[in-house]
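Listed here are the chains, written in short residue letters.
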Amino acid sequence: MTSRKDITLDRRAVVARILRDRGDALLLTGLGSTTWDVAAAGDHVNNFYLWGAMGGAAMVGLGLALAQPQRRVLVITGDGEQLMGLGGIATVAVQRPSNLSLIVIDNESYGETGMQDTHTKHGVDLAGVAAAAGFAYSATVYNDDELEAVIPVICQQTGPIFTAVKVTATPVTTVLPPRDGTYLKNRFRQSLLGSKATE
Amino acid sequence: MTDTQPWADEIFDVLKQINVRQVAYVPDAGHIRLIERSKNDPTLNTIALTTEEEGIGIIAGAWLGGERGVLLMQSSGVGNCINMLSMIQECRFPFLTLVTMRGQWGEFNPWQVPMGQGTKRVLESMGVIVRPVDTADRLAETVDAAARLAFDAYRAVAVLISQRIIGFKNWGDDQP
């Protein structure tokens, strides 16, 4: 019998499971492992990957969510990336976008630099920060049952939604999506906006 | 101060004409009138930030979603934006920012001088085209031209609004 706090979830399985129910949601990823996780689940024209700009993923999500209020916007990023933009959680909470879900895949480590501890390893509670800031919903997920329960919240419930999913720090293979920023931007806009993308 | 910023109303009219829909800002005395006008316009999303670099992401996200944004900040905030500007340059996002200058014309606070003096070079080193303005009568046309360069030619452009236009910060008459 594992305790609720034992971390057993696999990041690739978690991301693939969430994306199975994405529908027509628009998706942004943060620098590092979450970009590789989403690429491993399958590239998509409605995906925009941040290969840099660490700390900025949630903010790109906010601008997109405000511009596209009828579309669900998902941001999948890591704990290190979100910690670099902690103030952005407060900025999202104040704007209260009903269509925005922030999902932090939390392995408590900086995966791209040698698996050093992040602050979440030492007790910093990102879901607690989001709740205190005023998110409409905030939770930390530790197992498959909790993950299954939260996916409809992530994809449909009135936001802003914050979900931290605790995953193991087990190394995974690097799967690379396209990295040319101009290409990714134009591909995303063409799919979303059609002929208006090039006006 | 709001009554003494007719140029801010002219800039606001330009931003409306070019169809800016998202106004991201860090509170700033020099932009007080423009921020107030934006907040009072229900057709705009006016977004208060905790730090200026958040605004870079928001404007990129707005463009991904088909909207135009502008970032209002003070010269000190430009330093907070440096790495985030990588995304603007790499993805060639249109980017318009209006920067009120400190540390420049008759500054009282020496701590404002280093970033104020470095603002133009920092922006240019990150690929932003810089248009300094030091007289109020040139502001609206410069913002209009900068916006065309940003949104029509897909470039990053900053308009630097001189401390000469904004006026000196009032530190009181009893300063040493």
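Scroll up a little and you will see the structure.
Every residue gets a number counted from 1 within its own chain, in the order that chain's sequence is written. The naming scheme follows written order: chains are lettered A onward, ligands numbered 1 onward. Local features are withheld for residues below a pLDDT of 70 in this predicted model, meaning they are given only at 70 or higher, and side-chain atom pairs are given and counted only at 80 or more; totals for whole chains, interfaces and linings count all residues. Only hydrogens and water are set aside; all other atoms, that is, all heavy atoms of the structure, feed into the side-chain values.

Describing the overall build of chain B
Item 1. Summing up its helical and strand segments, chain B has eight helices and six strands in all.
Item 2. Ordered by position from N to C terminus, the α and β elements of chain B give α-β-α-β-α-β-α-α-β-α-β-α-β-α.
Item 3. Every radius of gyration here is taken over C-alpha atoms, with the globule rule written as 2.2 Å times N^0.38, N being the number of residues. Whereas a compact globule of 176 residues would reach a radius of gyration of roughly 16 Å, chain B reaches 15 Å, a difference of no more than 12%.
Item 4. Taking the principal axes of the C-alpha coordinates as reference, chain B spans close to 50 × 35 × 30 Å.
Item 5. Here the term buried applies to any residue with accessible area under 20% of the maximum for its type, exposed to any over 50%, and partly exposed to those in between, with areas from a 1.4 Å probe on protein chains only. The buried share among the 176 residues of chain B stands at 56%.
Item 6. If you sum the accessible surface of chain B, you get close to 7800 Å²; carbon and sulfur atoms cover 49% of it. Secondary structure elements follow DSSP: runs of H or I no shorter than four residues count as helices, runs of E no shorter than two count as strands, and numbering proceeds from the N terminus. To be clear on the numbers: accessible area is Shrake-Rupley with a 1.4 Å probe, and residue cover counts the displayed protein chains and nothing else.

Structural notes on the sheet that holds strand β3 (residues 68-74) of chain B
Residue and element names in this part refer to chain B.
Item 1. One open sheet holds the six strands; their spatial order is β2-β1-β3-β4-β6-β5, and the pairing between them is parallel. The open sheet terminates on both sides in strands that have one partner only, identified here as β2 (45-48) and β5 (129-133). Mean inter-strand twist for the sheet, computed between neighbouring axes without regard to direction, equals 20°.
Item 2. For two strands to be treated as a pair, DSSP must find at least two bridges joining them. Of the strand pairs in this sheet, β5 and strand β6 (residues 156-161) are connected by five bridges, and their pairing is parallel. Following the sheet pairing, V133 is matched in β6 by I161. For every element, the axis is a line fit to its C-alpha atoms; helices are fit only across the contacting stretch, and the angle between N-to-C directions ranges from 0 to 180 degrees.

Looking at the packing of helix α3 (residues 57-67) of chain A against helix α5 (residues 86-95) of chain A
All names here are of chain A.
Item 1. Interhelical geometry of α3 versus α5 gives an angle of 15° and a closest axis separation of 9 Å. Compared by their axis directions, α3 and α5 come out roughly parallel. Every pair of crossing elements has a handedness; the one defined by α3 and α5 is left-handed. Packed against α3, whose contacting residues are A58, M59, L62 and L66, the element α5 presents G88, T91, V92 and Q95 at the interface.
Item 2. Along the lines of polarity and charge, the residues of the contact of α3 with α5 split into five nonpolar, three polar and no charged. Under this scheme an angle from 65 to 115 degrees is roughly perpendicular, one under 35 degrees roughly parallel, and one over 145 degrees roughly antiparallel; angles in between are oblique. By convention the crossing between two helices is left-handed if the near helix lies anticlockwise of the far one by an angle smaller than a right angle, and right-handed if it lies clockwise. Any two residues whose heavy atoms approach within 4.5 Å are treated as being in contact. When residue character is reported, Ala, Val, Leu, Ile, Met, Phe, Trp, Tyr, Cys and Pro are called nonpolar, Asp, Glu, Lys and Arg charged, and the others, Gly included, polar.

Regarding the environment of V94 of chain A
Item 1. The topology assignment puts V94 of chain A in helix α5.
Item 2. Sequence separation between V94 of chain A and A133 of chain A is 39 residues, and the spatial gap between their C-alpha atoms is 8.0 Å.

Description of helix α2 (residues 33-41) of chain A
Residues and elements named next belong to chain A.
Item 1. Counting buried residues along α2, seven of its nine residues qualify, which places the element largely inside the surrounding structure.
Item 2. All buried positions along α2 are accounted for by S33, T34, T35, W36, D37, V38 and A39.
Item 3. Elements in contact with the buried residues of α2: α1 (11-20), β1 (26-29), β2 (47-49), β3 (73-78) and β4 (100-106).
Item 4. Trailing α2 by a residue or two, G42 shows a phi angle of about 125°, which is positive.

Here's the deal with the sheet that holds β2 of chain A
Residues and elements named next belong to chain A.
Item 1. On the basis of which strands lie adjacent, the open sheet formed by six strands has the order β2-β1-β3-β4-β8-β7 and parallel pairing. A single partner strand is all that each edge strand has here, and the edge strands are β2 and β7 (137-141). Across this sheet, the average inter-strand angle for adjacent strands is 15°, counted without regard to direction.
Item 2. Its contacts with the sheet put α1 on β1, β3, β4 and β8 (161-166), and the angle it makes with β4 is roughly 165°.

Comments concerning the side chain of H31 of chain B
Item 1. Tracing the chain through its elements places H31 of chain B in the loop between β1 (20-25) and α2 (32-39).
Item 2. Leaving out residues up to four positions away in the same chain, H31 of chain B has contacts with L72, M73, L98, V99, T100 and I161 of chain B.

Describing the nonpolar core
Item 1. Formed by 117 residues in total, the largest nonpolar core has its most connected members in F162 of chain A together with L96 and L98 of chain B.
Item 2. With eight residues, α3 of chain A is the largest single contributor of residues to this core.
Item 3. Discounting residues that sit within four places of it in the chain, L98 of chain B has contacts with I11, H31, L34, V70, L71, L72, M73, V143, V159 and I161 of chain B. By convention a nonpolar core is built from buried Ala, Val, Leu, Ile, Met, Phe, Trp, Tyr and Cys residues, the set being connected through side-chain atoms within 4.5 Å.

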